[in-house]
Every structure is written in C-alpha cells, then in structure tokens.
Amino acid sequence: FERLNSAPDERFYDSPKLVEHIDAPACAAMKAYYGRELSQLSRRLYGTDRTLDVLDLCSSWVSHLPDAYDGKSSRVAGL
C-alpha cells in the first residue's frame, strides 16, 4: 500500500469534516420513519402524541429526528 498524500495525518484532522453519509431523500425518509415510530411509541406509552426525550446514539452534526425534536420541547442527547 502506498499513501496518496504524504502530509502528516494530524493536518487531516485539524478541521472538521462535516459531510452527510446519506443523500437528502434518504434523510427525509429517516425523519419520516422516526416521526411515525416515535409518535406510535408516545401514543402507546402516554395515550397521546407528544415529543419524547431521546438518547440518539447514532446522531452526528445532522439529526435524522423529526423537526419537533429540536431540544426545546424535548431533551435530545447524542454522541
């Protein structure tokens, strides 16, 4: 194996790489899916459709949670 770039690795990590790993339609599909699932869970648990507190272990700088999960009406924590 040969390196394509001989610059020190530290330079690569100097600035954040804010990329999305799925395209916009896939992001929209995930938001819709989470919206349905969280809504159903809320109705099952509380008998009403409300925002839930969420521990999102798979989040990044882009959230796939519905827009209602903005941290104002619910607590959302991610890694």
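To start, this report covers the structure provided alongside it.

About the thresholds
- Residues numbered from 1 in each chain as written.
- Predicted model: local features only at pLDDT ≥ 70, side-chain atom pairs only at ≥ 80, totals over all residues.
- Heavy atoms only, no water.
- Helix = DSSP H or I, 4+ residues; strand = E, 2+ residues; numbered from the N terminus.
- Rg over C-alpha atoms; globule rule 2.2 N^0.38 Å.
- Buried < 20%, exposed > 50% of the residue type's maximum accessible area, 1.4 Å probe, protein only.
- Contact = heavy atoms within 4.5 Å.
- Areas by Shrake-Rupley, 256 points an atom, 1.4 Å probe, with all protein chains shown as cover.
- Lys, Arg positive; Asp, Glu negative; His and termini not counted.
- Charge placed at Lys NZ, Arg CZ, Asp CG, Glu CD.
- Expected span 1.5 Å × (residues − 1).
- Polar contact = N/O pair within 3.5 Å; in protein donor to acceptor, adjacent residues only side chain to side chain.
- Core = buried A, V, L, I, M, F, W, Y, C linked by side-chain atoms within 4.5 Å.

**Some words on the overall build of the chain**
Right, so step 1: In terms of helices and strands, the chain carries two helices and two strands.
Right, so step 2: Rg of the C-alpha trace for the chain: 18 Å, well past the compact-globule value of 12 Å for 79 residues, more than 25% over.
Right, so step 3: Its C-alpha atoms put the chain at 60 × 25 × 20 Å along the principal axes.
Right, so step 4: When each of the 79 residues of the chain is scored for burial, the buried share is 18%.
Right, so step 5: Contacts spanning at least 24 positions in sequence make up 33% of the contacts within the chain whose residues lie at least 6 apart.
Right, so step 6: Total accessible area on the chain stands at roughly 6,700 Å², and carbon and sulfur atoms take up 57% of it.
Right, so step 7: One way to put it: in the chain the 10 positive side-chain charges average out to a point 7 Å from where the 12 negative ones average out.

**Quick word on the environment of Ser15**
Right, so step 1: Mapped onto the elements of the fold, Ser15 is located in the loop between helix H1 (9-12) and helix H2 (24-46).
Right, so step 2: It is 27 Å that separates the C-alpha atoms of Ser15 and Leu55, two residues lying 40 residues apart in sequence.

**What about H2?**
Right, so step 1: With 23 residues, H2 should cover 33 Å at 1.5 Å per step; its first-to-last C-alpha distance of 32 Å lies within 8% of that length.
Right, so step 2: A side-chain oxygen of the first residue of H2 lies 3.0 Å from the backbone nitrogen of Ala26; this N-cap is Asp23.
Right, so step 3: Looking one or two places after H2, you find Gly47, whose phi comes out positive at around 75°.

**Overview of the nonpolar core**
Right, so step 1: Counting five residues, the largest nonpolar core is built from Leu38, Leu52, Val54, Leu65 and Tyr69.
Right, so step 2: Sequence-distant contacts of Leu38, defined by excluding residues within four places in its chain, comprise Leu52, Leu65, Pro66 and Tyr69.

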